[in-house]
Amino acid sequence: MATVFSHLLLATEHSEFDVGAEALAFALARRCQLPLAGVLPIVSNPEYEALAPQIAAAAEAQAGERIQALQAQAQALGVSLDLQARRGEEPFQEIVDAAVEGAADLLVIRRRGKRGVLARLMIGEMVAKVVANAPCSVLIVPRAASMWSRRVLAAVDPRAVDLRIVAQAAAVAAECALPLLLVAVVDSPAAEATQLAEQALARARATAQAAGVQADVLLRVGRAHEQILAAAAERQADLVVVGRHGESRLARAWLGGVTQKVVGLADRPVLVAVFPPLKGVPAP
């Protein structure tokens, strides 16, 4: 059957912090009847390892044990998992390279790990770099999160409407037979701001309808990330879809202020929709 995503990649170190991401990746693979690729990054510094080979040997042994355990878990769930260890000085780069080489269209990853718990608004530093540089959409999964089953929420930026984000959210909602909620937030109830947001929501709703999905719309006033997360809680949306705003190096480094805060503070999976740039065509 046709699915929204056809090439899934799980990035994991098979630690306690990866439990949610692993479970959700397995659930997606089973639901869509797709094979699952996996990458387990290993920090590797040839010069240091030459001086302390026992460190490298211990890391290799630990990685081997984690790979065997995760493959056994996948087999028990009936999931075909092709899990590879990749070695490099920057774990995020190994994950991004694996996504590029495997032509992944969805990368599933945890939100944070032991290091940098408070960095980047509670997004692990390595994860933030993955999201900022990924060639495809990224699903960031908190440790206790699970597969969505109630509602999909898509955030609509009134100042820079990207209808591709709406289309991806609508496709996910349609595939899972879930309602779709489109949310736009303005920082002022002024007529000009609300009119702009209403126009954005109308365009977004038309895009969803063109995909065969009837969407509810919601206009809220306040700080964007707070209102998006509040709407998700109130309407029981267990998947939030946002965009990665900006394709410049500086913009990617910060993920866009609202997106960064939503990802860092959400207690549910957040799908950061990423689209390959078209040559000669600027991003919306």
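Quick caveat, the model's predicted, so the values are computed rather than measured.

A few points about the overall build of the chain
A count of helical and extended segments in the chain gives 10 helices and 10 strands. The 284 residues of the chain split such that 49% are buried. Considering only residue pairs separated by 6 or more positions, the chain has 78% of its internal contacts joining residues 24 or more positions apart. Surface exposure of the chain reaches about 13700 Å², of which carbon and sulfur atoms provide 54%.

A few points about the packing of aromatic side chains
One pass over the full model with this rule turns up zero aromatic pairs. Its guanidinium or amino end placed over the ring of Phe 17, Arg 143 lies 5.4 Å from that ring's centre, counting from NZ or CZ.

Considerations on the nonpolar core
Membership of the largest hydrophobic core comes to 55 residues, with the highest contact counts inside it found for Leu 139 and Leu 180. With seven residues, the single largest contributor to this core is helix H1 (residues 19–32). Once residues lying within four places of it in the same chain are set aside, the contact partners of Leu 180 are Val 152, Ala 154, Ala 169, Ala 170, Ala 173, Ala 208, Val 213, Gln 214, Ala 215 and Asp 216. Core analysis: the second largest hydrophobic core is formed by 40 residues, Ile 95, Ala 98, Val 131 and Ala 232 among them.

A closer look at the sheet that holds strand E9 (residues 239–243)
Judged by pairing direction, the sheet is mixed, and its 10 strands sit side by side in the order E3-E2-E1-E4-E5-E10-E9-E6-E7-E8 without closing on themselves. Of all strands in the sheet, those with a lone pairing partner are strand E3 (81–88) and strand E8 (215–221), marking the two edges. Averaged over all adjacent pairs, the angle separating strand axes in this sheet is 25 degrees, with direction ignored. In this sheet, strand E5 (residues 137–141) lies alongside strand E4 (residues 106–110) in parallel orientation, the contact comprising five bridges.

Focus on the confidence of the model for the chain
Looking at the chain as a whole, the pLDDT averages 87, with 87% of positions reaching at least 70. In this model, residues 248–254 is a region of pLDDT below 50 whose contacts with residues beyond four sequence positions or in other chains number 12 contacts. Across residues 279–284, where pLDDT falls below 50, the model places four contacts with residues more than four positions away in sequence or in other chains.

Considering the pattern of salt bridges
For side chains of opposite charge, pairing can occur when their charged atoms come near one another. Overall, the coordinates contain 11 salt bridges when judged by the stated rule. Across the pair Arg 86 and Glu 101 runs a salt bridge, and its minimum N-O distance is 2.8 Å. Within this pair, whereas Arg 86 is found in strand E3, its partner Glu 101 is found in helix H4 (residues 91–101), the two being separated by 15 residues in sequence. In this structure Glu 101 comes out as exposed when scored by relative accessible area, which is 58%.

Here we look at helix H6 (residues 163–175)
For H6, spanning 13 residues, the distance from its first C-alpha to its last is 18 Å, which sits close to the expected 18 Å at 1.5 Å a residue. All of the buried residues in H6 are Ile 165, Val 166, Gln 168, Ala 169, Ala 170, Val 172 and Ala 173. Those residues of H6 hidden inside the fold are in contact with E5, strand E6 (152–156), strand E7 (180–186), helix H7 (191–210), E9 and strand E10 (270–273). One or two positions beyond H6, positive phi appears at Ala 177, with a value near 55 degrees.

Some remarks on the environment of Phe 275
With respect to the element layout, Phe 275 can be found in the segment after E10. Separated by 111 residues in sequence, Phe 275 and Arg 164 place their C-alpha atoms 8.1 Å apart. Setting aside anything within four residues of it in sequence, one finds Phe 275 in contact with Asp 162, Arg 164, Ile 165 and Gln 168.

Here we look at the side chain of Asp 18
Position of Asp 18 among the secondary structure elements: in the loop between strand E1 (8–11) and H1. Judged by relative accessible area, Asp 18 falls into the buried class, the value being 1%. Filtering out sequence-adjacent residues up to four positions away, Asp 18 remains in contact with Ala 11, Thr 12, Glu 13 and Arg 110.

Points about the environment of Ala 63
Secondary-structure assignment places Ala 63 in helix H3 (residues 53–76). Between the C-alpha atom of Ala 63 and that of His 14, which follows or precedes it by 49 residues, the distance is 9.0 Å. Non-local contacts of Ala 63, meaning those with residues more than four positions away in its chain, are made with Leu 40 and Ile 42.

Comments concerning unusual backbone geometry
If you check the backbone angles, Ala 103 has positive phi at about 50 degrees while not being a glycine. Summarising the element assignment, Ala 103 is placed in the loop between H4 and E4. One non-glycine residue with positive phi stands out, namely Gln 236, at about 55 degrees. Since its relative accessible area comes to 44%, Gln 236 is described here as partly exposed.

Quick word on the environment of Ala 190
For Ala 190, the location among the structural elements is in the loop between E7 and H7. C-alpha separation for the pair Ala 190 and Val 221, spaced 31 residues apart in sequence, amounts to 9.9 Å.

Each value, and the rule that gives it
Residues numbered from 1 in each chain as written. Predicted model: local features only at pLDDT ≥ 70, side-chain atom pairs only at ≥ 80, totals over all residues. Heavy atoms only, no water. Helix = DSSP H or I, 4+ residues; strand = E, 2+ residues; numbered from the N terminus. Buried < 20%, exposed > 50% of the residue type's maximum accessible area, 1.4 Å probe, protein only. Contact = heavy atoms within 4.5 Å. Areas by Shrake-Rupley, 256 points an atom, 1.4 Å probe, with all protein chains shown as cover. Phe/Tyr/Trp six-rings, centres within 6.5 Å; stacked < 30°, edge-to-face > 60°. Lys NZ or Arg CZ within 6 Å of the ring centre and 35° of its normal. Core = buried A, V, L, I, M, F, W, Y, C linked by side-chain atoms within 4.5 Å. Pairing = 2+ DSSP bridges. Axes fitted to C-alpha atoms, helices over the stretch in contact; angles between N-to-C directions. pLDDT = per-residue confidence, 0-100. Salt bridge = Lys/Arg side-chain N within 4 Å of Asp/Glu carboxyl O. Expected span 1.5 Å × (residues − 1).

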